[in-house]
Amino acid sequence: MDLLDIALASLSFLTLKEKILLKKNIDSLDNLAVLSIKDISSIIGRVINHSVWNGRETFISVRKSASIMEAQHINAVHYNDCGYPALLREIINPPYILFYRGNLNSLHKECVSVVGTRNVCKETAQSSFEFARDAACDGLTVVSGNAMGIDFFAHKGALSSGIAASTVAVLPCGIDTIVPSSHKVLVQKILESDGLLASEYIPGCPAVAWRFVQRNRIIAALSPATVVIQAPPGSGALITASFALDFNRDLVFHKSGFCQEALQISKNTVKRLSSDKKHEKKLARSSEYYIESGASVIRDYAEYKTVKYAAPGSHAVDISGQLGFADF
């Protein structure tokens, strides 16, 4: 991978189109590093805040990233490469580069994204595991975020199928760092099973809050459908759900996410967040909101398969006795 491409991938203040335009006007990392922010603004046709750019720091971090890539056998696929995931290319402002370890062909099969809260209950953990296992056995790749909770059980379920290249973990940082660190064994098993680790962030890039949100858009983008197993109001999984709808993808909820224990977790979450006005926007969207707006609810992978061929909202499991809207 060209050093200039790695550098452009690191410039989060530029859009994909701006990165492509910038590359047309310079031919090396050395030339990029000596540009002023005024030079960059002039090339892309947009005024950029001067505080977001330091050419020397970029030069150093890119050299470091290249060394990490070589040492850890990290590969990269450019937006214009034929191996770049087709569905990811469809979204607004897709990653300039997708860095990865493992088998990129995992993303060239049909995928399903499985997401949910870190604060799981026994029933939803089992549902996540079983759904992912059955999806993998049917030839799909399960995409998730390697987080604790639902993500963990989704990856484990796919791995339990014994099918190679059955799961992909998308990270909110450079893939030389495993987040959370407690999942290093899980990640190793994903790679040993011919699965994939992927990230839009250059090696050496740390995980910070806003990168988790941006990671969620990639999880939603890589699949024609996102399945939410359990998501209390304010959950990051509901951000992924919003991205899925923005990308015109199917959005499906699992019935187990409305079991009594899951509902109690949701009530506790609402109570905790309601004490701070800054969370009002988070609480405005909930799993129930999406279901009332037409999202389907399924019991298992077999029902998910019927949803794929049905009109939006036409396949709805009766959960009216479980939702308890008045309690929220």
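Residues numbered from 1 in each chain as written. Predicted model: local features only at pLDDT ≥ 70, side-chain atom pairs only at ≥ 80, totals over all residues. Heavy atoms only, no water.

Undergrad: Where do I start with the overall build of the protein chain in this structure?
TA: For the protein chain, the count of helices and strands is 16 helices and nine strands. Here the C-alpha radius of gyration of the protein chain, 21 Å, is about what a compact globule of 328 residues would show, namely 20 Å. Along the first, second and third principal axes, the C-alpha atoms of the protein chain reach 65 × 45 × 35 Å. Here the analysis covers contacts within the protein chain between residues at least 6 apart in sequence; of these, 74% occur between residues at least 24 apart. A total accessible area of about 14800 Å² is found for the protein chain, and carbon and sulfur atoms account for 51% of it. (Helix = DSSP H or I, 4+ residues; strand = E, 2+ residues; numbered from the N terminus. Rg over C-alpha atoms; globule rule 2.2 N^0.38 Å. Contact = heavy atoms within 4.5 Å. Areas by Shrake-Rupley, 256 points an atom, 1.4 Å probe, with all protein chains shown as cover.)

Undergrad: In this structure, what is going on with the pairing of strand β5 (residues 167-170)? I would like to understand it.
TA: Sheet faces and side chains relate simply in a regular strand, where the side chains alternate between the two faces. What you see with β5 is no split at all: T167 and A169 on one side and V168 and V170 on the other are buried throughout. For the crossover from strand β4 (residues 141-144) across helix α8 (residues 150-160) to β5, the handedness is right-handed. As defined by bridge partners, β5 adjoins strand β6 (residues 196-199) across three bridges and the pair is classed as parallel. Within the sheet, the bridge partner assigned to V170 lies in β6 and is A198. (Buried < 20%, exposed > 50% of the residue type's maximum accessible area, 1.4 Å probe, protein only. Right-handed = clockwise from strand over helix to strand, strands pointing away. Pairing = 2+ DSSP bridges.)

Undergrad: How do you make sense of the packing of helix α1 (residues 3-10) against helix α2 (residues 16-25) when you look at a structure like this?
TA: Relative placement of two packed helices is described by the angle separating their axes and the distance separating the axes. Running from amino to carboxyl end, α1 crosses α2 at an angle of 145°, the nearest separation of the two axes being 10 Å. In this structure, α1 meets α2 at a crossing whose hand is right-handed. Of α2, the residues touching α1 (which contributes L4, D5, L8 and A9) are K19, L22 and K23. A class-by-class count of the residues in the contact of α1 with α2 yields four nonpolar, no polar and three charged. (Axes fitted to C-alpha atoms, helices over the stretch in contact; angles between N-to-C directions. Left-handed = near helix turned anticlockwise from the far one by under 90°. Nonpolar A, V, L, I, M, F, W, Y, C, P; charged D, E, K, R; others polar.)

Undergrad: Explanation requested: the nonpolar core in the structure shown.
TA: Ranked by size, the top nonpolar core spans 77 residues in total, and within it L22, L107 and F253 carry the most contacts. Of all hydrophobic cores here, the second largest spans 19 residues; its members include F131, L140, I150 and Y304. (Core = buried A, V, L, I, M, F, W, Y, C linked by side-chain atoms within 4.5 Å.)

Undergrad: How should I be thinking about the pattern of salt bridges in this particular structure?
TA: Side-chain pairs of opposite charge can arise whenever the charged atoms involved come near each other. According to the stated counting rule, one finds seven salt bridges in the structure shown. Note that D138 and K305 form a salt bridge whose closest N and O atoms lie 3.4 Å from each other. In this pair, D138 is assigned in the loop between α7 (122-137) and β4 and K305 in helix α15 (residues 301-307), connecting sequence segments 167 residues apart. A residue is classified by how much of its surface remains accessible, and K305, at 33% relative accessible area, is partly exposed. In this structure, the salt-bridge partner of R217 is E200, at a minimum N-O distance of 2.6 Å. You can see R217 sitting in helix α10 (residues 209-221) and its partner E200 sitting in the loop between β6 and α10, a full 17 residues away along the chain. (Salt bridge = Lys/Arg side-chain N within 4 Å of Asp/Glu carboxyl O.)

Undergrad: Explain the sheet that holds strand β3 (residues 111-115) to me, please; I cannot follow it from the model alone.
TA: Within a beta sheet, neighbouring strands are joined by backbone hydrogen bonds and run either parallel or antiparallel to one another. Here we have nine strands laid out as an open sheet, ordered β1-β2-β6-β5-β4-β3-β7-β8-β9, and mixed in their pairing. Looking at strand neighbours, the two that pair on one side only are β1 (75-78) and β9 (296-298), the edges of this open sheet. The sheet shows a mean angle of 30° between the axes of neighbouring strands, taken without regard to direction. By the bridge criterion, four bridges tie strand β7 (residues 225-228) to strand β8 (residues 250-254) in an arrangement that is parallel. Bridging from a neighbouring strand, T226 pairs with L251 of β8. Most of the contacts of helix α9 (residues 184-192) go to β6, to which it runs at about 110°, and overall it touches β2 (97-102), β5 and β6.

Undergrad: I'm lost on the environment of A198 in this one. Help?
TA: Summarising the element assignment, A198 is placed in strand β6. On the accessibility criterion, A198 (1% relative accessible area) is buried. Residues A198 and Y100, spaced 98 residues apart in sequence, show a C-alpha to C-alpha distance of 4.4 Å. In this view, A198 contacts L98, F99, Y100, A169, V170, L171 and I175; residues no more than four positions away in its chain are not counted.

Undergrad: Honestly, the pairing of β6 in this entry has me stumped. Any pointers?
TA: Alternating positions in β6 separate into two faces, L196 and A198 on one and L197 and S199 on the other, with burial throughout. For the handedness criterion, the β-α-β arrangement of β5, α9 and β6 is classed as right-handed.

In short, geometric facts, not functional conclusions.
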